[in-house]
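Residue strings, one per chain:
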Amino acid sequence: MKYLKYFLLVAIVFITSSYTPRTSRISEGIYPGDLMPELKIDNESGTKLDIEHLKGVKVLVSFWAAYDAESHMKNVLLWNALQKEKHSLVMVSVSFDKSKAVFEKTLSMDGINDRYQFLDTKGSDSKIYQKYQLEKGFQNYLIDENGVIMAINLTPKDLSRILEKKTS
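What this report covers is the structure whose coordinates are included nearby. (Residues numbered from 1 in each chain as written. Predicted model: local features only at pLDDT ≥ 70, side-chain atom pairs only at ≥ 80, totals over all residues. Heavy atoms only, no water.)

What about the sheet that holds strand 4 (residues 90-95)?
Reading across from one edge, 5-4-3-6-7 is the order of the five strands in this open sheet, with mixed pairing throughout. Of all the strands in the sheet, the pair left with one neighbour each is strand 5 (117-119) and strand 7 (149-152). Across the sheet, the mean angle from the axis of one strand to that of its neighbour is 20°, orientation sign disregarded. Relative to strand 6 (residues 140-143), strand 3 (residues 59-64) is paired through four bridges, and the arrangement is antiparallel. Following the sheet pairing, L60 is matched in strand 6 by L142. (Pairing = 2+ DSSP bridges. Helix = DSSP H or I, 4+ residues; strand = E, 2+ residues; numbered from the N terminus. Axes fitted to C-alpha atoms, helices over the stretch in contact; angles between N-to-C directions.)

Right under this line is the structure:
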């Protein structure tokens, strides 16, 4: 009987300590399952982006630069895959090239629509660059309709697989 009291007490403490209220919120961060951090930027054609305004739509955010061959290639491949597959999402690209001319020429050669293409000429000194810890390498993020990061560093094949799974 003496041990039963201790067992019940431990069980009650364990159960109440593991309870998470339903009001808990997803924290902001840069990994899958986190809420995408604030992203505000505008481009030369006057388009302003606030990632908050794209809630309700899946968004693919790609951070890249023309001088970084791997990130440039991923950006182009993802753009082409989205044009071919006609997935219902918006692709937003942020380039960290220091030269506007290089950025514009690259977009032109790649055949990418410039509506959601943004340039941050501050490069590694940019607040966005630092917030997303891009010194560890350029990345892309798939964000769900609620602003939560679904996946990072996607290839076109990964993107198709995830989007097809969600529609099935």
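Focus: the packing of aromatic side chains
Scanning the model with the defined rule gives nine aromatic pairs in all. Each ring, one from F63 and one from Y141, has its centre 6.1 Å from the other, and the planes form 80°; the classification is edge-to-face. Of this pair, F63 sits in strand 3 while Y141 sits in strand 6, placing them 78 residues apart in sequence. A centroid spacing of 6.1 Å and a plane angle of 20° characterise the contact between F96 and F138, whose relative ring orientation is stacked. Of this pair, F96 sits in the loop between strand 4 and helix 3 (100-110) while F138 sits in the loop between helix 4 (127-131) and strand 6, placing them 42 residues apart in sequence. The burial state of F96 is the same as that of F138; both residues are buried. Taken together, the aromatic side chains of F63, Y67, F96, Y129, Y132, F138 and Y141 make up a single cluster linked through ring pairs. (Phe/Tyr/Trp six-rings, centres within 6.5 Å; stacked < 30°, edge-to-face > 60°. Buried < 20%, exposed > 50% of the residue type's maximum accessible area, 1.4 Å probe, protein only.)

Some remarks on the pairing of strand 4
The element strand 4 is extensively covered by neighbouring structure, given that six of its six residues are classed as buried. Alternating positions in strand 4 separate into two faces, V90, V92 and V94 on one and M91, S93 and S95 on the other, with burial throughout. In the sheet, strand 3 pairs with strand 4 via six bridges, with the strands oriented parallel. Bridge pairing in strand 4 places V61 opposite V92. Once the chain exits strand 3 it traverses helix 2 (residues 69-85) before rejoining the sheet at strand 4, and the crossover so formed is right-handed. A crossover connection joins strand 4 to the parallel strand 5 through helix 3; in handedness this β-α-β unit is right-handed. (Right-handed = clockwise from strand over helix to strand, strands pointing away.)

A closer look at the pattern of salt bridges
Under the counting rule described, the total for this entry stands at seven salt bridges. The salt bridge partner of E70 is K74, with a shortest N-O separation of 3.5 Å. Taken together, the positions of E70 and K74, both in helix 2 and four residues apart, correspond to about one turn of that helix. Classification of K74 as partly exposed rests on a relative accessible area of 25%. What you see here is one network of salt bridges that share partners, running through E38, K40 and D50. (Salt bridge = Lys/Arg side-chain N within 4 Å of Asp/Glu carboxyl O.)

Some words on unusual backbone geometry
Residue Q133 is not a glycine yet carries a positive backbone phi of 50°. If you trace the backbone, Q133 turns up in the loop between helix 4 and strand 6. Judged by its relative accessible area of 27%, Q133 falls in the partly exposed class.

Keep in mind these values describe shape, not function.
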